[in-house]
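Remarks on the overall topology
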Amino acid sequence: MEKIVIEGGNRLIGEVSVSGAKNAILPLMAASILVDGWNVIRNVPSLRDIKTFRDLLLHIGCEVDEDPEEKTIRIRAHEITSFEAPYEMVKTMRASILVLGPLVSRFRRARVSLPGGCAIGTRPVDVHLMGLKKIGCDVTLEHGYINVKADRLIGTRIYLDIPSVTGTENLMLAGVHAEGVTVIENAAMEPEVVFLAESLNRMGAQIRGAGTDTITIEGVRELHPAEHTVIPDRIEAGTFMIATAMTRGNVLIKNCPLEYLDSLNLKLKEAGVDVRAENSGVRVIGDYPLRSVDIKTLPYPGFPTDMQAQMMAMMTISSGLSVITETVFENRFMHVGELKRMGADIIINGNCAIVKGVERLSGAPLMATDLRASASLVLAGLVADGVTEVSRIYHLDRGYENIEKKLSGLGARIKRINSE
Ligand code: UD1
């Protein structure tokens, strides 16, 4: 088992570059199922979730050609031999549900294991299934699997009870070949949803309104493969911004999509962090004492739930009281117990965490519980006294490319060790 070992106390100084967004790549990999030829995706980082999705595509019969040097993946769905996402794969990555839309769209059938609970809540998929039923699919649940069949897909208006991100993406993927017009109301507005719509349009789809709460999809008969360059990962960028602020560093973050990070940017400024857009990137200077701010997670453009744990790590060492309210996921405070083991002062009351800033954190052995929680523990380790060891870092590898190399390049004392 690998661990990350951090000796805290160094300021982060220098330049770092943000990788392509995992949550933009996975839906685009799924979209490749819609076409027969080679779909080309550029700016693809080396991440565990992307490998899991590649394995799923291989499992259903896609050809996948990877060039890690060029950071490119080519996918061809010429001969699909299976229409099933098995339990073993869905349980390691819930985003596997994204194959449902394109399989139904192109082949009128799919069988996907029902995702169960996960560390951050029960996370149902009712929004996905309701939408598919609305456009004419027959959806049944049997033996832990979702079976979807359709003779015809017919465009209609779909209202989402919750603006689910992958739910919106799945319905866009399903709607591209529906007859007539599909309208998704109360759609997710995340930048990754917009990127998927633009990518599908590049492949010949007719999608309008992505980035607003109403997305209109005019069904087309056929799509064609295309080349896509993935947008930068706003969550990775935000994690570096917070790391810089916490260590009182001075870092130029290249490929930093500040336009997708408004809510974080405003909160960082309120907390006393200097964030400047420069020609070659975004400079973050954390020279000032940090002040506590309140956070409430919301769907985009609200404060991202995927930044909540990292922001909480920052609040543990900011002066004053911070109230952090998690409204997107029901159980996303798994990092709190670990941060408290480092001396953080946090009380949980329902979906609120009340954080009172302390003078310093002290390094400790810690256990990562989910992807973003792991990042928050690494951030805490960067400023803690002494040594912090984070185990179960496979969570971190799901979504951060070479995080220890990127941080050590900025002067952090951080390394990955094999603990056996
Ligand atoms: C996506 C992101 C994830 C991020 C999350 C919220 C990907 C691959 N993952 O996950 O990193 O944390 O958005 O920004 O893009 N819900 C239902 N029924 C449904 C679907 C969702 O009740 O059918 C609930 C969920 O339990 C959760 C909330 O809606 O409480 C938001 O979930 P959703 O937007 O679907 O998250 P994901 O798309 O799974």
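Residue numbers here run from 1 along each chain, matching the order of that chain's written sequence. Confidence filtering applies because this is a predicted model: local features only for residues at pLDDT of at least 70, side-chain atom pairs given and counted only at 80 or more, and all residues used for totals across whole chains, interfaces and linings. The side-chain figures draw on all heavy atoms in the structure; neither hydrogens nor water molecules are used.

With that settled, the discussion passes to the domain arrangement of the protein chain. By the assigned domains, the protein chain splits into domain 1 (2-19 + 232-418) and domain 2 (22-229). These domain boundaries are the output of an automatic or database domain assignment. The gap between the C-alpha centroids of domain 1 and domain 2 is 30 Å. Counting residues at the interface gives 23 residues for domain 1 and 19 residues for domain 2. Once two parts are joined, some of their accessible surface, as seen by a 1.4 Å probe, is lost; buried area is that loss totalled over both. Looking only at domain 1, the three residues that lose the most surface to domain 2 are Tyr300, Arg398 and Glu401, adding up to 34% of its buried area. Any Lys or Arg side-chain nitrogen found within 4 Å of a carboxyl oxygen on Asp or Glu counts as a salt bridge. On the surface where domain 1 and domain 2 come into contact, there are three salt bridges. Here Lys71 ties to Glu401 by a salt bridge, and the two come within 2.8 Å at their closest N and O atoms. Any pair of N or O atoms that falls within 3.5 Å is considered a polar contact. Within protein, one atom must be able to donate a hydrogen and the other to accept it, and sequence-neighbouring residues count only if both atoms are side-chain atoms. At the boundary of domain 1 and domain 2, one finds seven residue pairs in polar contact (both at pLDDT 80 or more). We count a stretch as a helix when DSSP gives it H or I for four or more residues in a row; a strand needs E for two or more, and each element gets its number in order from the N terminus. Residue assignment for the side of domain 1 that touches domain 2 shows that the elements contributing at least two residues are α12 (371-383) and α13 (394-399). Here the side of domain 1 that touches domain 2 gets four residues from one element, more than from any other, and that element is α13. When the residues that make up the side of domain 1 that touches domain 2 are grouped by side-chain class, the tally is nine nonpolar, four polar and 10 charged. A contact between two residues is defined here by any heavy atoms of the two lying within 4.5 Å. Classification used: nonpolar for Ala, Val, Leu, Ile, Met, Phe, Trp, Tyr, Cys and Pro, charged for Asp, Glu, Lys and Arg, polar for all others including Gly.

Sheet analysis places strand β1 (residues 2-7) next to strand β23 (residues 387-391), joined by five bridges and oriented antiparallel. Residue Ile6 lies in a different strand from β23, and its bridge partner there is Thr388. A pair of strands is treated as paired once DSSP finds two or more bridges between them. With three bridges connecting them, strand β22 (residues 365-367) and β23 associate as parallel partners. Residue pairing across strands places Leu366 opposite Val390, the latter belonging to β23.

Attention now moves to the pairing of strand β5 (residues 72-76). Bridge count for strand β3 (residues 38-42) against β5 is five bridges, and the pairing is antiparallel. Bridge pairing links Asn39 to Ile75 in β5. Pairing between strand β4 (residues 63-67) and β5: five bridges, direction antiparallel. Residue pairing across strands places Asp67 opposite Thr72, the latter belonging to β5. Hairpin geometry of β4 and β5 is characterised by an intervening segment of four residues between the two adjacent antiparallel strands and by a positive phi of about 55 degrees at Lys71.

Side chains bearing opposite charge may pair, as long as their charged atoms lie close to each other. Tallied over the full model, the rule gives 27 salt bridges. Here Asp397 and Arg416 are joined by a salt bridge, their closest N and O atoms 2.8 Å apart. Of the two residues, Asp397 sits in helix α13 while Arg416 sits in strand β24 (residues 413-418), which places them 19 residues apart along the sequence. Residue classification places Arg416 among the partly exposed positions, given a relative accessible area of 25%. One continuous salt-bridge network, built from bridges that share partners, spans Glu2, Asp397, Glu404 and Arg416. Buried, partly exposed and exposed residues are distinguished by accessible area as a fraction of the type maximum, computed with a 1.4 Å probe on protein chains only: under 20%, between the cut-offs, and over 50%, respectively.

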